[in-house]
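Listed here are the chains, written in short residue letters.
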Amino acid sequence: MGSLASCGGGQPHTPRGTENVAVNRYIWAASLDVLDFLPVQSADPFTGVISTGYGTPPGSGNAYRATIRVIDPALDARSLQVALQSRSGPVSIETQTAIENAILARARQLRIADGIL
């Protein structure tokens, strides 16, 4: 009788779909908004990783792709990691910082729109 209880290691079962997502939802949504010109290849809110294919921003002739990691539930710059690449290689740190700042600014807008401060 006791053998069945020991099979699960004593951990309670978490029903599918009720897992906790440990990423900031505003940064996640803002990343998708700001980089909406890039085709999403994969997005996993449980690991916080969004990978895109190449896309061209409006008004530009350069194609870019990105990997975005939302690594913390806080609405904070350290919660976001962006790796942006053009067809000729990694972009300048200034371009990458500008994208990160745009994502964080959009995340703050989304949070304010929700009325949560």
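Residues numbered from 1 in each chain as written. Predicted model: local features only at pLDDT ≥ 70, side-chain atom pairs only at ≥ 80, totals over all residues. Heavy atoms only, no water.

Asker: Break down the sheet that holds strand 3 (residues 64-70) for me, with residues and values.
Answerer: In space, the five strands of this open sheet follow the order 1-2-3-4-5, with antiparallel pairing throughout. Where the open sheet ends on each side, the last strands, each with one partner, are strand 1 (40-44) and strand 5 (89-90). Sheet topology places strand 3 next to strand 4 (residues 80-86); seven bridges connect them, and they run antiparallel. Following the sheet pairing, Ile-68 is matched in strand 4 by Val-82. Running over the sheet, helix 2 (residues 25-34) touches strand 1, strand 2 (49-52), strand 3 and strand 4 and is turned about 5 degrees from strand 2. (Pairing = 2+ DSSP bridges. Helix = DSSP H or I, 4+ residues; strand = E, 2+ residues; numbered from the N terminus. Contact = heavy atoms within 4.5 Å. Axes fitted to C-alpha atoms, helices over the stretch in contact; angles between N-to-C directions.)

Asker: Could you give an account of the nonpolar core, naming the residues involved and the relevant values?
Answerer: With 21 residues, the main nonpolar core has Ile-27, Leu-35, Ile-68, Leu-80, Val-82, Leu-84 and Ile-103 as its most contacted residues. For this core, the secondary structure elements donating two or more residues are helix 2, strand 3, strand 4 and helix 3 (93-113). Looking at this core element by element, the count peaks at five residues for helix 3. Contact partners of Leu-80, with chain neighbours within four places excluded, come to Ile-27, Ser-31, Ile-68, Arg-69, Glu-100, Ile-103 and Leu-104. (Core = buried A, V, L, I, M, F, W, Y, C linked by side-chain atoms within 4.5 Å. Buried < 20%, exposed > 50% of the residue type's maximum accessible area, 1.4 Å probe, protein only.)

Asker: Report on the side chain of Thr-52, specifying residues and quantitative values.
Answerer: Topologically, Thr-52 is positioned in strand 2. The class of Thr-52 is buried, set by a relative accessible area of 6%. A distance of 2.8 Å separates a polar atom in the side chain of Thr-52 from the backbone nitrogen of Ala-66. Non-local contacts of Thr-52, meaning those with residues more than four positions away in its chain, are made with Leu-38, Pro-39, Val-40, Gln-41, Arg-65 and Ala-66. (Polar contact = N/O pair within 3.5 Å; in protein donor to acceptor, adjacent residues only side chain to side chain.)

Asker: Describe the pattern of salt bridges, with residues and values.
Answerer: Counted under the stated rule, the structure contains three salt bridges. Residue Asp-76 is joined to Arg-78 by a salt bridge in which the shortest nitrogen-to-oxygen separation is 3.9 Å. Classification of Asp-76 as partly exposed rests on a relative accessible area of 26%. (Salt bridge = Lys/Arg side-chain N within 4 Å of Asp/Glu carboxyl O.)

Asker: An account of the pairing of strand 4 is needed here, citing residue identities and associated values.
Answerer: Residues Leu-80, Val-82, Leu-84 and Ser-86 of strand 4 are buried on one face, while the alternating residues Gln-81, Ala-83 and Gln-85, pointing to the opposite face, are not. Bridge count for strand 4 against strand 5 is two bridges, and the pairing is antiparallel. Paired with Gln-85 across the two strands is Pro-90, which belongs to strand 5. Two successive antiparallel strands, strand 4 and strand 5, enclose a turn made up of two residues.

Asker: Explain the packing of helix 2 against helix 3 to me, and be specific about the residues and the numbers.
Answerer: Running from N to C, helix 2 and helix 3 cross one another at 120 degrees; their axes reach a closest spacing of 8 Å. Relative to helix 3, the element helix 2 is oriented oblique. Regarding helix 2 and helix 3, the two cross each other, and that crossing is right-handed. Across the interface between the two elements, Tyr-26, Ile-27, Ala-29, Ala-30, Ser-31, Asp-33 and Val-34 from helix 2 touch Ala-102, Ile-103, Leu-104, Arg-106, Ala-107, Leu-110 and Arg-111 from helix 3. (Parallel < 35°, antiparallel > 145°, perpendicular 65-115°, else oblique. Left-handed = near helix turned anticlockwise from the far one by under 90°.)

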